[in-house]
Amino acid sequence: MALNRDLFWVGDLIACTAVAPFVRKWRNMKIDERTRSQLICNKLKPIFDEIKALHSDLLYPAWC
C-alpha cells in the first residue's frame, strides 16, 4: 500500500498554529485507518494463500 506524503508538509506547517489539535486528530485517524487495513490484510493473507494452494484450478476461467 503506497503512502501518500504530498500533504504532510502542509500538515507540519499547520501543526504550529491554533488548528494543531485538528491536525493531530486527522493524522491519528489516518494512522488508525492504515493500521486496521494492514491488520485485516495480515489476517486474510494466510487464508487466501491456502485457498490458492488447494483450489488453484477454480481460479482460472473455464475458457482458458
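Structure report, in brief. (Residues numbered from 1 in each chain as written. Predicted model: local features only at pLDDT ≥ 70, side-chain atom pairs only at ≥ 80, totals over all residues. Heavy atoms only, no water.)

1. Regarding the overall build of the protein chain
Consideration 1: For the protein chain, the count of helices and strands is two helices and zero strands.
Consideration 2: The buried share among the 64 residues of the protein chain stands at 5%.
Consideration 3: Total accessible area on the protein chain is roughly 6100 Å²; 66% of this is exposed by carbon and sulfur atoms. (Helix = DSSP H or I, 4+ residues; strand = E, 2+ residues; numbered from the N terminus. Buried < 20%, exposed > 50% of the residue type's maximum accessible area, 1.4 Å probe, protein only. Areas by Shrake-Rupley, 256 points an atom, 1.4 Å probe, with all protein chains shown as cover.)

2. Quick look at the pattern of salt bridges
Consideration 1: Per the stated rule, a full pass over the model turns up one salt bridge.
Consideration 2: Of the charged contacts, one joins D49 and K45 as a salt bridge, the two residues approaching to 3.2 Å between their closest N and O atoms. You can see D49 and its partner K45 sitting in helix α2 (residues 20–54), four residues apart, about one turn around the helix. (Salt bridge = Lys/Arg side-chain N within 4 Å of Asp/Glu carboxyl O.)

3. Looking at α2
Consideration 1: When the terminal C-alpha atoms of α2 are compared, their 51 Å separation across 35 residues agrees well with the 51 Å that a helix rising 1.5 Å per residue should span.
Consideration 2: Where α2 bends most, at L44, the angle is about 30 degrees, and the proline P46 comes one to four residues later. (Expected span 1.5 Å × (residues − 1). Bend = angle between axes of the 7 residues up to and from the residue.)

4. Things to note about a nonpolar patch on the surface
Consideration 1: Together, W9, L13, I14, V19 and F22 make up an exposed nonpolar region whose accessible area comes to about 540 Å².
Consideration 2: No other element matches helix α1 (residues 8–14), which puts three residues into the nonpolar patch.
Consideration 3: Assessed through its relative accessible area of 35%, V19 is described here as partly exposed. (Patch = residues over 30% accessible without salt bridge, like charges linked within 9 Å, V, L, I, M, F, W, Y side chains within 5 Å.)

Just geometry here; none of it tells us what the structure is for.
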